[in-house]
Amino acid sequence: MFGSRRAPTRLATCALLLGAATAACAEPQQFRHYSAVDGLPQAQVTALHQDRHGFLWAGTFGGLGRFDGRAFAQFTTADGLSSNTVQAIASEADGTVWAGQSRGLCLLRAPRARFECPDLAGIAQANVQALLVVGDALWVGAREGLYLLRRDAEGNADAETVVDDDVAALAPDGEGGVWVGGRQGLRRIGPAGPGPMLALRDGAGVRALLRDGERLWIGTDSGLLLYRHGQVTDAPGLDPALPALEVRGLALGPDGRLRAATRLGLLHAQEEGFVLLGQESGLANDNLYAVLRDREDILWIASDAGLSSLVDGAFVGYGERDGLWQGFVRALAEDERGRLWLGTRRGVQVVAVDAAGRLHEQFRITHEDGLVDDRIYDIEFPAPGEALLATGNGLAHWREGEGLLRLYTEDDGLPGNGVRALQPLPGGDVFVATRGGMATLRDGAVVPIGWPALAQAQVISINRGDDGRVWFGALQGGLLRLDRDGVVRRFDAAAGLSDETIWDVAPDRHGGAWAGSNGDGLFHVAADGAISRHTRRDGLVDDFVWQVLVDRGGSVWAYTNRGLSRFDGGDFSNYGLDDGLLDQEGAATAALETAAGDRWFASNDGLMRYVDSERDTAGPAPVAVIHQALAAGEPIVQDGALQAGSRSLEFHFSAPLFRRNPDLLYRYRLRGADEAWVEMRANRPIAYANLGPGRYVFEAQARKAGQPWPQSTAAFGFEVRPPPWQTPLARGMLALFAVLTVWGLVRLRIRHVEARRRALQQLVSERTRALEQANDRLEHASFTDPLTDLRNRRFLAHQVVADVAEVRRRHAGGAAHPNRDMIFAMVDVDHFKRINDTFGHAAGDRVLRTYAEVIRAVIRESDYAVRWGGEEFLLVARHTEAAQCGALATRLVERVRATRFVVDDAGTAIDSTCSVGLARFPFAGSDVAGLGWEQVVDVCDAAVYLAKAGGRDGWVAIQGAPGVDLGEPARFMRRLKRDPLALAAEGSIVLSGTRCPADPDRPAPGRAPGAVGAT
């Protein structure tokens, strides 16, 4: 799958009903778009064709593209075309593909990789606009005329001129002749020769033709006509008063109804008339050139913005225009009335789903209803009509008809205000997981949890199995399980699981559970504790697993960074954008099976519902095609003979399929060398080196996951001729001298084997390097913030563990070690909201990018900066001392103060300042066991608040006083957030900086006593 392809667009829109003066709603459409980024030679696609193998061909102004469902192969003038403007495509039964260009006609003979352009009288320089294969003849329509081309047994072509009309469209008449349309009108050419020209209304020129039984649809430069029983009429149901529709392409859709590509959109025939679908309906562009229905019943549309396919996969997607409040859904739940509760970053949206699958909003719960923080991480229902909402700042208790009843925070006993997961228990208790640990909600009060291992765990997902066991996915330390006997058991890397974040956990029906990890794959823990792991090597689409669902049928669903996988105990079935997913990356923990059996999955850009399993196996079985065979980089022909010693023999094959293409499995073998099949999950070129003399047949097969290997096999036969010394005459002569030449032949054989080994080793090394480079690029993209090109939080979580471990080692043993500290600095842009409100969000983005440049110029090469969120940046200075805080902060603040920030293309520049909060790790002296790095970052946040309260445009550093016992870390952090000045006054912390409060015994200016907050 292409990660760069634009995600499908699904919109339920009302378009103009073209046959009446009313509006009608078209069925929801979901499109998948492909552009030059995905491999098209150029963005404007003007012609479409599917050959007998199933390859989709797309003609553009930049060459010809061939698509197999995974990747585009490109053909340009460098590959033999006479022009890069490809306007018409056709293919013959033997696999030969013809390309009509603005300057001539060319053909590609399978399995060659280069076009050839025959020098045909009249056609070699013609502007070819239409191609049609009828039997063994190729009809060529051009501005210069209509030509009939036939090839002899040797493949040589001969052409004759039929008429000198300007021909733009061709269609078979069903009787061996053709319909010909062009600028002059329409005529039929049969066995007896050309018929009379039928002039059309207002002198309209024909642009497209489609034969539909006894009917002939005619697309003209001013509308759509129908020819039937010798009469040309307006298309029934099409309002003649409409503006002229230039119809350029025609096809019958999967429902048997007409589709027409026009310059204003896609014309769709319905029972009541015609509906015009445009960009508001999900198309990438309104200016269309062609439309095609392939053998899998997928509709393909060519436009000025590339190639689009109408998605009819196993999933139905819902975006903001389908009633979804926000594309990013972080929590999913179903109440006792069957309504869906969607937790987003803006609050809660409650929707009802009707029988047609449409969403109907019931109500919302936001900050206007009393939420302190609109970010929702989990939703549970302790009683009918009531909901518990895990938010970024407290646990909210809501009741229908009454609204928010209570907000539980640290003041009520929660270990932290950031609530991440909830789990109701029999008897009414509710487990509450926060960033600071876990607690229990019991009878309206927060009480400590009874298990120390859980109390301090940073749990982000909880699920209770039918057997009463409770499973916990943690940010660090793997997976935990609370057994019925009250024993807590941990499954981490030492136990065979992972120390990476466990994003989601789902119990199965047998007392075990499935867990999705942050890059280590999908794990299963059996009831007896046995652990099994599934990764990309086993068919999982990606090893980063955000959400896991075990449905009632026992299927395991895992939404990853690269799509959704389903595991039924055999092969993995993988789903991508072509199957209806709106985004390849899932949202953590947001998967749900409703009481009615519907399976819902949330992504970073919308909500999806699994429709049915019949679409999983719909369409034809995949058939492997060998489309290129090379020897030393040069094409070879089927059943050809190669000279002895031919090296770098390479075969390219695939199975053209556009539904469930990521699910395809391949296998190959080279008969004559090895009869055993070699299986693989991704088709790639297969190379052989230095084959001995003999007859060989390369064979390839393809199948869908969960299906048996087919009987059909793609085969390519060839022969390697023996070298001259292995002929009968040479053998007889060599026999006379055998005794004298044994030693020389042995040496020759050794060199031959060694050369073969080196060639294979070099080939493996090159492929390994290419794979490593691709993995490096993927890793860099996943660790980088797209706006500022700084590192993101995922990188920080990946890197900081090793940095902290190094600091701990340097402080171990008590011996002084130079540059053994690590400094965290939180940078907050002052008055950033004012910039956005005054100049717009685009200007705000420019300012943030300039801040990123300033930060990169200030920090050292050994340091790194992270886009923390919004207008905040986090700097991590390694191998330094606490005394360097001031120098780093001063350098940054002064550099920002001296920078002019350009906010628009006109060069308008503004001044900006920042507030910086700093803290070192370890926080106090050499106490590396005190505050963790996450808590030190929270200290930086508190320092930022002090800097802003002190007047902004400066910095404040907070450091633990040497020799002072800070006590229990969670309690210390609560005190720090409530009243840092009190801690400074009692000597527990030391404040420094340019914006420190002047009097530690008094609150900061403009702040309530005991509060730490800023804007």
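Remember, predicted model here, so these are calculated numbers, not experimental data.

Trainee: Can you help me understand the overall build of the protein chain in this one?
Mentor: When its secondary structure is counted, the protein chain shows 10 helices and 75 strands. On the principal axes, the C-alpha backbone points of the protein chain span a range of 105 × 100 × 65 Å. Of all 1015 residues assigned to the protein chain, the portion counted as buried reaches 54%. Sequence-distant contacts, at least 24 apart, represent 54% of the contacts inside the protein chain between residues at least 6 apart. About 43400 Å² of surface is accessible on the protein chain, with carbon and sulfur atoms providing 49% of the total. Averaging the coordinates of the 110 positive side-chain charges in the protein chain and doing the same for the 129 negative ones gives two points 5 Å apart.

Trainee: Which parts of the structure should I look at to understand the layout of surface pockets?
Mentor: Over the atoms, a rolling probe the size of a water molecule traces out where space has been left empty. Looking at the second largest pocket, its volume works out to about 1400 Å³. If you trace the second largest pocket, you find 47 residues lining it, with Leu48, Gln129, Ala130, Ala168 and Arg248 closest to the centre. Elements with a contribution of two residues or more to the lining of the second largest pocket: strand S5 (45-50), strand S9 (86-91), strand S12 (128-134), strand S16 (167-172), strand S20 (206-212), strand S24 (247-252) and strand S28 (288-293). Of the residues belonging to the lining of the second largest pocket, the class tally is 26 nonpolar, 11 polar and 10 charged.

Trainee: So what exactly am I meant to see when it comes to the side chain of arginine 32 here?
Mentor: Tracing the backbone shows arginine 32 in strand S4 (residues 29-34). Classification of arginine 32 by relative accessible area gives buried; the value is 0%. Within the structure, arginine 32 has its side chain in polar contact with the side chain of aspartate 578 (distance 2.7 Å).

Trainee: When you look at the state of the cysteines in this model, what are you seeing that I'm missing?
Mentor: Disulfides are covalent bonds that link the sulfur atoms of two cysteine residues. Scanning the model with the defined rule gives one disulfide in all. What pairs with cysteine 106 in a disulfide is cysteine 117, and their sulfur atoms sit 1.9 Å apart. Residues cysteine 106 and cysteine 117 are joined by a disulfide whose S-S torsion is about 90°; by sign, that bridge is right-handed. Residue cysteine 106 is located in strand S11 (residues 104-108), and its partner cysteine 117 is located in the loop between S11 and S12; the two are separated by 11 residues in the primary sequence. Given a relative accessible area of 0%, cysteine 106 falls into the buried group. Under the relative-accessibility criterion, cysteine 117 is labelled partly exposed at 34%. No disulfide involves cysteine 996; its sulfur sits 12 Å from the nearest other cysteine sulfur, which is in cysteine 885. Residue classification places cysteine 996 among the partly exposed positions, given a relative accessible area of 27%.

Trainee: Any chance you could explain the sheet that holds strand S49 (residues 513-517) here in plain terms?
Mentor: Think of a sheet as strands paired side by side through backbone hydrogen bonds, with each pair either parallel or antiparallel. With antiparallel pairing, the four strands of this open sheet are ordered in space as S48-S49-S50-S51. The outermost strands of the open sheet, each flanked by one partner alone, are strand S48 (502-507) and strand S51 (531-534). Here the average twist between neighbouring strands, direction ignored, is 20°. Strand direction decides the pairing type here: S48 and S49, joined by five bridges, are antiparallel. From the neighbouring strand, proline 507 faces S49, where its bridge partner is alanine 513.

Trainee: Just to check I follow, could you spell out the UniProt feature "domain: GGDEF" (unreviewed entry) in the protein chain for this structure?
Mentor: The UniProt feature table records "domain: GGDEF" (unreviewed entry) at residues 820-960. The span residues 820-960 is 40% helix and 30% strand, and its two end C-alpha atoms sit 16 Å from each other.

Trainee: Would you mind going over the packing of aromatic side chains with me for this structure?
Mentor: Each aromatic ring pair is specified by the distance between its two centres and by the angle formed by the two planes. Tallied over the full model, the rule gives 43 aromatic pairs. With a centroid separation of 5.3 Å and an interplanar angle of 45°, the aromatic rings of tryptophan 557 and phenylalanine 601 are classed as tilted. Highlighted residues: tryptophan 557 in strand S53 (residues 556-560) and phenylalanine 601 in strand S57 (residues 599-603), separated in sequence by 44 residues. The two residues tryptophan 557 and phenylalanine 601 agree in class, both being buried. When the centroid spacing of 4.3 Å and the interplanar angle of 0° are considered together, the rings of phenylalanine 651 and phenylalanine 698 count as stacked. In this pair, phenylalanine 651 is assigned in strand S62 (residues 649-654) and phenylalanine 698 in strand S66 (residues 694-703), connecting sequence segments 47 residues apart. The exposure class assigned to phenylalanine 698 is buried, which follows from its relative accessible area of 0%. Feature note: the residues Phe651, Phe653, Tyr666, Tyr668, Tyr688, Tyr696, Phe698, Phe716 and Phe718 constitute an aromatic cluster, connected by ring pairs. Its end group placed over the ring of phenylalanine 328, arginine 345 keeps NZ or CZ at 4.0 Å from the ring centre. In this structure, arginine 667 packs its charged tip against the face of tryptophan 677, placed 4.4 Å from the ring centre.

Trainee: What is the right way to look at the pattern of salt bridges in this model?
Mentor: A side chain of one charge can pair with a side chain of the opposite charge when the charged atoms of the two come close. Scanning the entire structure with this criterion turns up 49 salt bridges. A salt bridge links aspartate 165 to arginine 187; the shortest N-O distance between them is 3.0 Å. Of this pair, aspartate 165 sits in the loop between strand S15 (157-163) and S16 while arginine 187 sits in strand S18 (residues 185-190), and the two are 22 residues apart along the sequence. For the residue pair aspartate 165 and arginine 187, the accessibility class agrees, reading buried in each case. Among the salt bridges present, the one from glutamate 986 reaches arginine 975, with a minimum N-O distance of 3.0 Å. On the criterion of sequence distance, the pair formed by glutamate 986 in the loop between helix H10 (980-985) and strand S75 (989-993) and arginine 975 in helix H9 (residues 969-978) is long-range, its members being 11 residues apart. By relative accessible area, which is 44% here, glutamate 986 ends up partly exposed. Salt bridges sharing partners connect three or more residues here, namely Asp467, Arg469, Arg481, Asp483 and Arg484.

Trainee: Hey, could you run me through the nonpolar core in this one?
Mentor: Side chains of nonpolar character tend, in soluble globular proteins, to be buried together. One finds Leu796, Phe824, Leu874, Phe923, Ile958, Phe972 and Leu976 to be the most contacted residues of the largest nonpolar core, which totals 39 residues. Among the elements that make up this core, the one with the highest residue count is helix H8 (residues 933-949) (10 residues). Setting aside residues up to four positions removed in sequence, isoleucine 958 forms contacts with Leu918, Ala919, Phe923, Val939, Ala942, Ala943, Leu946, Leu976, Ile989, Val990 and Leu991. Ala825, Ala852, Leu875 and Leu918 belong to the second-largest nonpolar core, a separate cluster that totals 34 residues.

Trainee: Got a minute to help me understand the environment of threonine 880 in this structure?
Mentor: Note that threonine 880 resides in strand S70 (residues 872-880). Taking C-alpha positions, threonine 880 is 70 Å from glutamine 129, a pair spaced 751 residues apart along the chain. In this structure, threonine 880 is in contact with Asn819, Arg820, Asp821, Met822, Ile823 and Arg860, ignoring residues within four places of it in sequence.

Trainee: Sorry if this is basic, but what is going on with the domain arrangement of the protein chain here?
Mentor: It is common to give the size of an interface as the accessible area that goes away when the parts come together. Domain parsing of the protein chain yields domain 1 (31-312), domain 2 (450-575), domain 3 (625-722), domain 4 (730-755) and domain 5 (793-993). Computed from C-alpha coordinates alone, the two centres of domain 1 and domain 5 are separated by 62 Å.

Trainee: Is there a simple way to think about empty space enclosed by the protein in this case?
Mentor: What the rule picks out here adds up to seven cavities of 30 Å³ or more. In this structure, the largest cavity occupies an estimated 80 Å³ of space. Around the largest cavity sit Tyr34, Ile298, Trp300, Ser309, Leu310, Val311, Asp312, Gly313, Asp578, Phe658 and Arg659, which together line it. Residues of the lining of the largest cavity, tallied by class, amount to six nonpolar, two polar and three charged.

Trainee: Explanation requested: the sheet that holds S70 in the structure shown.
Mentor: On the basis of which strands lie adjacent, the open sheet formed by six strands has the order S69-S70-S68-S73-S74-S75 and mixed pairing. Both edges of this open sheet fall to strand S69 (864-869) and S75, since each of them pairs with a single strand only. Neighbouring strand axes in the sheet, compared pairwise and without regard to direction, differ in orientation by 20° on average. H8 rests against strand S68 (821-829), S69, S70, strand S73 (914-921), strand S74 (954-960) and S75 of the sheet, and its axis sits at about 145° to S73.

Here is what the cut-offs are and how they apply
- Residues numbered from 1 in each chain as written.
- Predicted model: local features only at pLDDT ≥ 70, side-chain atom pairs only at ≥ 80, totals over all residues.
- Heavy atoms only, no water.
- Helix = DSSP H or I, 4+ residues; strand = E, 2+ residues; numbered from the N terminus.
- Buried < 20%, exposed > 50% of the residue type's maximum accessible area, 1.4 Å probe, protein only.
- Contact = heavy atoms within 4.5 Å.
- Areas by Shrake-Rupley, 256 points an atom, 1.4 Å probe, with all protein chains shown as cover.
- Lys, Arg positive; Asp, Glu negative; His and termini not counted.
- Charge placed at Lys NZ, Arg CZ, Asp CG, Glu CD.
- 1 Å grid on protein atoms, 1.4 Å probe; cavity = no way out; pocket = protein on both sides within 12 Å on 5 of 7 lines; lining within 4 Å.
- Points joined across faces, edges and corners; volume = space filled by probe spheres on them.
- Nonpolar A, V, L, I, M, F, W, Y, C, P; charged D, E, K, R; others polar.
- Polar contact = N/O pair within 3.5 Å; in protein donor to acceptor, adjacent residues only side chain to side chain.
- Disulfide = S-S within 2.5 Å.
- Pairing = 2+ DSSP bridges.
- Axes fitted to C-alpha atoms, helices over the stretch in contact; angles between N-to-C directions.
- UniProt positions renumbered as here; feature names shortened; annotations may be inferred.
- Phe/Tyr/Trp six-rings, centres within 6.5 Å; stacked < 30°, edge-to-face > 60°.
- Lys NZ or Arg CZ within 6 Å of the ring centre and 35° of its normal.
- Salt bridge = Lys/Arg side-chain N within 4 Å of Asp/Glu carboxyl O.
- Core = buried A, V, L, I, M, F, W, Y, C linked by side-chain atoms within 4.5 Å.
- Domains from an automatic or database assignment.

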